[in-house]
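In case you want the letters, here they are:
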Amino acid sequence: MAGFDIDGWSEPADETGGDTYDVIGYRRVPGERGPRLATAAEGAEAERAVLLLADATGHGIGPALSVTQVRAMLRMAIRIGEDFPAIIRHLNAQLCADLTEGRFVTAWLGLLDASEQTLTGFSCGQGPLLYYRAAEGACATLETDTVPFGCVEDLEVELRPPIRMEPGDIFVALSDGVVDAERIGGERFGTARVIEVVTRHCGSSAAELTAALREAVANFTGDVRAEDDRTGVVVKRR
């Protein structure tokens, strides 16, 4: 996708995980009813991309099925040409219908626009979300927008103004399994350490930053077994 460098990863705590992520590039083709999803094999660049990071309560087979459903519904909604707010509302409505009591899915969805160089995000209880501004050399945390999917049927979707990403700017979305990772004694990795890694590796590629985050968490936790899935999405403006 012109102007952007994107990477993501997911490490399940068990054989199956309750986290997922996706990066869905697409473009409009004259004469076709809906957008065409961009593929590496096709070789065409995407005009836009919808990004997803989702985390279902718990981990294992049940939550894995829930986040697989979210990813499948999202891709279908994009294929039929739904707009961004409508996609969010429909995802929530279906999960309200399908999830059993006490179950929910936190999620962050983003819309990247290659021509405008903007990122529009919406967080349903998903965090932490971090934004590094290259011009200021500072990394800030962003607030969530509403409750997780599956909690209220009539979800109000009010999008914030798009963020215009300048060269060197970085956006990072993480599941709580990253910041809540513990080492012997119960100390958490925490958001401050994530910010430190992002700031220190601000000149790196998205893939290199991803690797640095994973290495930092692994070094911090040592031999302590992961109690939750760990997932992240990194977007860098070239």
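This text goes with the structure placed above it.
This structure is a prediction, so every number in the text was calculated from the model and none was measured.

Caption draft 1: Molecular detail of the overall build of the chain. Along its length, the chain carries five helices and 11 strands. Seen along its three principal axes, the alpha-carbon backbone of the chain occupies a region of about 60 × 45 × 35 Å. The buried share of the chain, reckoned over its 238 residues, is 48%. Counting contacts in the chain only where the partners sit at least 6 residues apart, residues at least 24 apart contribute 73% of the total.

Caption draft 2: Inspection of the packing of helix H4 (residues 190–200) against helix H5 (residues 206–221) at higher detail. Closest axis-to-axis distance for the H4/H5 pair is 10 Å, and the angle between their directions is 140 degrees. As far as their axial angle goes, H5 and H4 are oblique. Here H4 runs over H5; the crossing is right-handed. Across the interface between the two elements, Arg-193, Val-194, Val-197 and Val-198 of H4 pack against Leu-209, Ala-212, Leu-213, Ala-216 and Phe-220 of H5. For the contact of H4 with H5, the residue count by class is eight nonpolar, no polar and one charged.

Caption draft 3: Layout of the sheet that holds strand E4 (residues 48–56). Pairing within the open sheet is antiparallel, and its six strands lie in the order E3-E2-E4-E5-E6-E9. Lying at the two open borders of the sheet, with one neighbouring strand each, are strand E3 (36–37) and strand E9 (163–164). Sheet topology places E4 next to strand E5 (residues 105–113); nine bridges connect them, and they run antiparallel. For Ala-56, the partnering residue across the bridge sits in E5 and is Val-105.

Caption draft 4: Geometry of the pattern of salt bridges. Within this structure, the stated rule accounts for 12 salt bridges. Taking the shortest distance from any N to any O, the salt bridge between Arg-71 and Asp-22 comes out at 3.0 Å. With Arg-71 in helix H1 (residues 61–79) and Asp-22 in strand E2 (residues 19–27), this residue pair connects regions lying 49 residues apart in the sequence. Judged by relative accessible area, Arg-71 falls into the partly exposed class, the value being 33%. The closest approach of N and O atoms between Arg-193 and Glu-187, which form a salt bridge, is 2.8 Å.

Caption draft 5: Inspection of the sheet that holds strand E11 (residues 230–237) at higher detail. One open sheet holds the five strands; their spatial order is E1-E11-E10-E7-E8, and the pairing between them is antiparallel. Strand pairing shows two members of the sheet lacking a second neighbour, strand E1 (4–11) and strand E8 (138–142), which therefore form its edges. Recorded for the sheet is a direction-independent mean angle of 15 degrees between the axes of neighbouring strands. Sheet topology places E1 next to E11; eight bridges connect them, and they run antiparallel. Each residue of the ladder has a partner; that of Ser-10, found in E11, is Thr-231. The sheet strands contacting H5 are E1, strand E10 (170–174) and E11, and the helix crosses E1 at an angle near 30 degrees.

Caption draft 6: Main features of H1. For H1, which comprises 19 residues, the first-to-last C-alpha distance of 27 Å matches the rise-based estimate of 27 Å (1.5 Å per residue) to within 8%. Buried within H1 we find Pro-63, Ala-64, Ser-66, Val-67, Val-70, Met-73, Leu-74, Ala-77 and Ile-78. Contacts from the buried residues of H1 go to E2, E3, E4, helix H2 (84–98) and E5. Note on H1: the residue one or two positions beyond its end, Gly-81, has a positive phi of about 90 degrees.

Caption draft 7: Molecular detail of the pairing of E11. Of all the eight residues making up E11, eight are buried; the element is thus mostly covered by neighbouring parts of the structure. Residue alternation in E11 divides its side chains into two sets, Arg-230, Gly-232, Val-234 and Lys-236 and Thr-231, Val-233, Val-235 and Arg-237, and both sets are buried. Here five bridges tie E10 to E11, and the two strands are oriented antiparallel to one another. Bridge pairing in E11 links Leu-174 to Gly-232.

Caption draft 8: Focus on H2. When the terminal C-alpha atoms of H2 are compared, their 22 Å separation across 15 residues agrees well with the 21 Å that a helix rising 1.5 Å per residue should span. A side-chain oxygen of the first residue of H2 lies 2.9 Å from the backbone nitrogen of Ala-86; this N-cap is Asp-83.

Caption draft 9: Inspection of the packing of H1 against H2 at higher detail. At their nearest, the axes of H1 and H2 sit 10 Å apart, and the two run at 140 degrees to each other. Here the hand of the crossing between H1 and H2 comes out right-handed. Where H1 abuts H2, its residues Gln-69, Val-70, Met-73, Leu-74, Ala-77 and Ile-78 lie against Ile-87, Leu-91, Gln-94, Leu-95 and Asp-98. By residue class, the composition of the contact of H1 with H2 is eight nonpolar, two polar and one charged.

Parameters and conventions
- Residues numbered from 1 in each chain as written.
- Predicted model: local features only at pLDDT ≥ 70, side-chain atom pairs only at ≥ 80, totals over all residues.
- Heavy atoms only, no water.
- Helix = DSSP H or I, 4+ residues; strand = E, 2+ residues; numbered from the N terminus.
- Buried < 20%, exposed > 50% of the residue type's maximum accessible area, 1.4 Å probe, protein only.
- Contact = heavy atoms within 4.5 Å.
- Axes fitted to C-alpha atoms, helices over the stretch in contact; angles between N-to-C directions.
- Parallel < 35°, antiparallel > 145°, perpendicular 65-115°, else oblique.
- Left-handed = near helix turned anticlockwise from the far one by under 90°.
- Nonpolar A, V, L, I, M, F, W, Y, C, P; charged D, E, K, R; others polar.
- Pairing = 2+ DSSP bridges.
- Salt bridge = Lys/Arg side-chain N within 4 Å of Asp/Glu carboxyl O.
- Expected span 1.5 Å × (residues − 1).
- Polar contact = N/O pair within 3.5 Å; in protein donor to acceptor, adjacent residues only side chain to side chain.

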